[in-house]
Amino acid sequence: MPETAPPGFVARNNEVIGSILSILALLVAVGLGAGLMFGTGTRGVSAILTVLTVAGGTFTLLLLGLGAMLRSATPEEQWEREETRWRAERGLDPLTAAEHAAAAKGRRRAALLAVLALLVGLALSVLPDIL
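Participant: Break down the pattern of salt bridges for me, with residues and values.
Facilitator: Per the stated rule, a full pass over the model turns up four salt bridges. With a closest N to O distance of 3.3 Å, Arg85 and Glu82 form a salt bridge. Linking Arg85 with Glu82, this pair stays in helix α3 (residues 76-89), spanning three residues, or about one helical turn. On the basis of relative accessible area, Arg85 is assigned to the partly exposed category, the value being 42%. A relative accessible area of 17% means that Glu82 is categorised as buried. Arg90 is the partner of Glu89 in a salt bridge, and the nearest nitrogen-oxygen pair spans 3.5 Å.

This is the structure:
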């Protein structure tokens with residue numbers, strides 16, 4: 001029995017794997033936000049904003065990490081071939097170099113905003129206790 005998935009398994013099943021892992025990431029993110037809220041005794045509007053910002057930031061970072069993990073587990077040429085086939089099945093044109101660059105810039109921006117959301121959530125729950 002092989003110790004790793006057969007070649008191409010991740011590329012062929014990345015939608016299913018990503019869906020399952022994103023549900024788990026959502027549960028973890030909400031759990032972290034709620035745990036922070038209950039752990040610091042935050043109440044009212046601050047509690048709601050704490051859960052939303054921490055869960056949103058965590059979920060975004062987890063999804064970006066899952067995407068990077070799935071992409072790194074698949075050879076680049078196979079990933080491109082599978083992505084092109086996936087886009088063709090949905091009637092979409094293949095990505096251009098400019099669209100690849102825009103997607104990378106978008107991922108960096110999303111990661112930056114997710115970290116900012118985490119910091120805002122932490123500030124909402126911790127700063128009132130300090131002040």
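Participant: How would you sum up α3? Please name residues and give values.
Facilitator: In an α-helix, one turn spans 3.6 residues, which is why side chains three or four residues apart end up on the same side. Across its 14 residues, α3 extends 20 Å between first and last C-alpha, which sits within 8% of the 20 Å expected from 1.5 Å per residue. Of the residues making up α3, those classed as buried are Gln78, Trp79, Glu82 and Arg87. One face of α3 carries all of its buried residues, which in axial projection span an arc of 165°. Away from its buried face by more than 90 degrees, α3 exposes Glu77 and Ala88. Two residues or fewer past α3, Gly91 is found with a positive phi of approximately 75°.

About the criteria used
- Residues numbered from 1 in each chain as written.
- Predicted model: local features only at pLDDT ≥ 70, side-chain atom pairs only at ≥ 80, totals over all residues.
- Heavy atoms only, no water.
- Salt bridge = Lys/Arg side-chain N within 4 Å of Asp/Glu carboxyl O.
- Helix = DSSP H or I, 4+ residues; strand = E, 2+ residues; numbered from the N terminus.
- Buried < 20%, exposed > 50% of the residue type's maximum accessible area, 1.4 Å probe, protein only.
- Expected span 1.5 Å × (residues − 1).
- Arc of directions from axis to C-beta.

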